[in-house]
Amino acid sequence: MRRSSTAALRSPTVAILGAGITGLTAAAFLRKQGIEDFTVFEENGDGVGGTWRDHDYPGAGTDTEVPSYLPTFLPRPNFHSQFARRDEILSYCEMVAAEYVGLEKFRFGCRVIALRFGGDEWTLDTSQGRFHAAFIIFCTASISAKFVRRPNGIANEASFGGVIRHSSECGS
């Protein structure tokens, strides 16, 4: 799933930030409406899926029933139950990216460093260069952020012998 456009840097009309469920839904919807001039910028270089790509701890899955979780205009997957497992959701994300968005629409490993609005367009400074867009769709979520806050004031915290880590670093 690591295919990114190798074409020269080109600025899209619409920039979608994030390739998780929300970013994929936005991209598929634009394409369904006949809007082709968009790019999905994904910081991670390993493909689509967002939270479902990053969190692979044992038992990971939805706590929301699938019909209320996935977009209604895309085909319904045949998940094992109403509460889908992580691997099923990730496979679904990869299918949507390939069949309903198009892998050429993604820039993987492209971190947005700064955004500025001026005049009638956005300027995106990224790890892959500068882009301009008329519209930005933010599809980022804090659940994927690899930030772990250590709580203050826990009795005997210094004696804790375990590891504190983000759920995306647990592994299965």
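The structure we're discussing is the one just above.
We now turn to the structure provided with this report.

What counts, and at which threshold
- Residues numbered from 1 in each chain as written.
- Predicted model: local features only at pLDDT ≥ 70, side-chain atom pairs only at ≥ 80, totals over all residues.
- Heavy atoms only, no water.
- Phe/Tyr/Trp six-rings, centres within 6.5 Å; stacked < 30°, edge-to-face > 60°.
- Helix = DSSP H or I, 4+ residues; strand = E, 2+ residues; numbered from the N terminus.
- Buried < 20%, exposed > 50% of the residue type's maximum accessible area, 1.4 Å probe, protein only.
- Lys NZ or Arg CZ within 6 Å of the ring centre and 35° of its normal.
- Contact = heavy atoms within 4.5 Å.

Some details on the packing of aromatic side chains
Evaluated as defined, the whole model comprises five aromatic pairs. Arranged with centres 5.0 Å apart and planes meeting at 70°, the rings of Phe41 and Phe131 form a pair that is edge-to-face. Here the residue Phe41 occupies a position in strand E2 (residues 38–42), and Phe131 occupies one in strand E6 (residues 129–133), the gap between them amounting to 90 residues. The exposure classification of Phe41 matches that of Phe131, with both residues buried. With a centroid separation of 5.3 Å and 5° between ring planes, the pair formed by Phe106 and Phe108 is classed as stacked. In terms of burial, Phe106 and Phe108 fall into one category: buried. Directly above the aromatic system of Phe38 lies the positively charged group of Lys105, at a separation of 4.7 Å from the ring centroid.

Some thoughts on the environment of Ile113
Mapped onto the secondary structure, Ile113 falls in strand E4 (residues 112–118). Every residue in contact with Ile113, bar those within four places of it in the chain, is listed here: Asp125, Thr126 and Ser127.

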